[in-house]
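# Survey of secondary and tertiary structure
One-letter residues, chain by chain:
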Amino acid sequence: MSKTIPDPYLYLVVAVGVAVVFPLIPLALAWLWRRCFQPPKPGPDKNASYECGIESLGEARVQFKSQYYLFCIIFLVFDVEAVFLLPFAVAFTRLPVGAFVAILIFILLLLEGLVWAWCKGGLDWTK
Amino acid sequence: MITSLIDEELKKDLREQGVVVTTLQEVYNWGRRNSLWPLQFGLACCAIEMIAAAASRYDLARFGGEVFRPSPRQADLMIVAGTVTKKMAPQVVRLYNQMPDPKYVIAMGACAISGGPFKQGYNVLKGIDRYVPVDIYIPGCPPRPEALLQGFIELQHKIDHQKLSGPGKASFLNADTPSEYPVPAFGAHDLEPPANPDVFHPPKIERE
């Protein structure tokens, strides 16, 4: 007596079908309801993208000044380096030579960035 | 069918026998009145009472109105809770315009109704009904949460009696009823215009 076992993926197919139909039914009902009863009433205020009651001012696309790259480099030097320095200091005595050299190169690279930012005047308070 | 084709007496008799007969209109209104989503929007001290009404002691959730929406796109009901200054009035009207139909307005407190104690002031709008149609007025300064609850229930009754079709159908279902009203401009001395004549119908005072 052999009982045919349905393909295990059959359930998946059924579930996908249900997942597609389930949200479609209320959407179709809402669409039908609108067709039968509710006349659409779009308008300039309703179609506006801003929804806090204030009229939007200016452009949505704001450009940052490219001079901010100095802040970016200094952030990398002081913040990201500190994040790596802490575990480096903790594991210092157990590090193999290769890892020590790698972290040294990393610090040197960031130090170079610091020197460069310094020469550019990125560490001055005001100009 | 949509509206009541079935006799009311027959419906009542059937219900007594355990057979529920209903109309699409009834189900629609039942759903709408029990899930009124107010706009999360407070202007002055009335807003404190509104918050109290929404919190656990008075619990607006019992009537389905606890889902305060931070966006007008998702709200059905605007509770104008507090003093509407002339600076704020254009924003209130614009928020009303951005709400989808059907939408309702509760003017909560003396200020929202008429300007209240600040009516003589230079900077207070003398009633939000000058610019948007108000469904329910709740007097008080400020009204207690119970008063807001009663106003809310009154609005539910109003929704319950709105018709889907036929001669007396709800006005928001008419294609020519506007959904947006002109936003007043904040002028040098007053809002321009000072009232929307299509909306504002003050009672005529008969003097001898």
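Below is a short write-up of the structure. (Residues numbered from 1 in each chain as written. Chains lettered and ligands numbered in written order. Predicted model: local features only at pLDDT ≥ 70, side-chain atom pairs only at ≥ 80, totals over all residues. Heavy atoms only, no water.)

## Brief notes about the interface of chain B and chain A
Counting residues at the interface gives 26 residues for chain B, matched by 18 residues for chain A. Both faces considered, chain B and chain A share a buried interface measuring about 1700 Å² in area, 51% of it formed by carbon and sulfur atoms. It is R73(B), R94(B) and E180(B) in chain B that bury the most area against chain A; as a group they hold 31% of the surface buried on that side. For the interface between chain B and chain A, the tally reads three salt bridges. The salt bridge partner of D101(B) is K46(A), with a shortest N-O separation of 3.7 Å. Taken together, chain B and chain A are joined by 15 residue pairs in polar contact (both at pLDDT 80 or more). Elements supplying a minimum of two residues to the side of chain B that touches chain A: helix 2 (24–33) and helix 4 (89–98) of chain B. (Contact = heavy atoms within 4.5 Å. Buried area = accessible area lost by both parts, 1.4 Å probe. Salt bridge = Lys/Arg side-chain N within 4 Å of Asp/Glu carboxyl O. Polar contact = N/O pair within 3.5 Å; in protein donor to acceptor, adjacent residues only side chain to side chain. Helix = DSSP H or I, 4+ residues; strand = E, 2+ residues; numbered from the N terminus.)

## Re the pairing of strand 2 (residues 104–108) of chain B
Residues and elements named next belong to chain B. For strand 2, a buried count of five out of five residues is recorded, marking the element as mostly surrounded by other parts of the structure. Of the two faces of strand 2, both are covered, the one formed by Y104, I106 and M108 as well as the one formed by V105 and A107. Pairing geometry for strand 1 (residues 77–81) and strand 2, over five bridges, is parallel. Residue pairing in the sheet places M78 in a bridge with V105 of strand 2. With helix 4 bridging strand 1 and its parallel neighbour strand 2, the resulting β-α-β unit is right-handed. As defined by bridge partners, strand 2 adjoins strand 3 (residues 136–138) across three bridges and the pair is classed as parallel. When the bridges of strand 3 are listed, M108 appears paired with I138. Crossover strand 2 to strand 3 through helix 5 (residues 109–114) is right-handed. (Buried < 20%, exposed > 50% of the residue type's maximum accessible area, 1.4 Å probe, protein only. Pairing = 2+ DSSP bridges. Right-handed = clockwise from strand over helix to strand, strands pointing away.)

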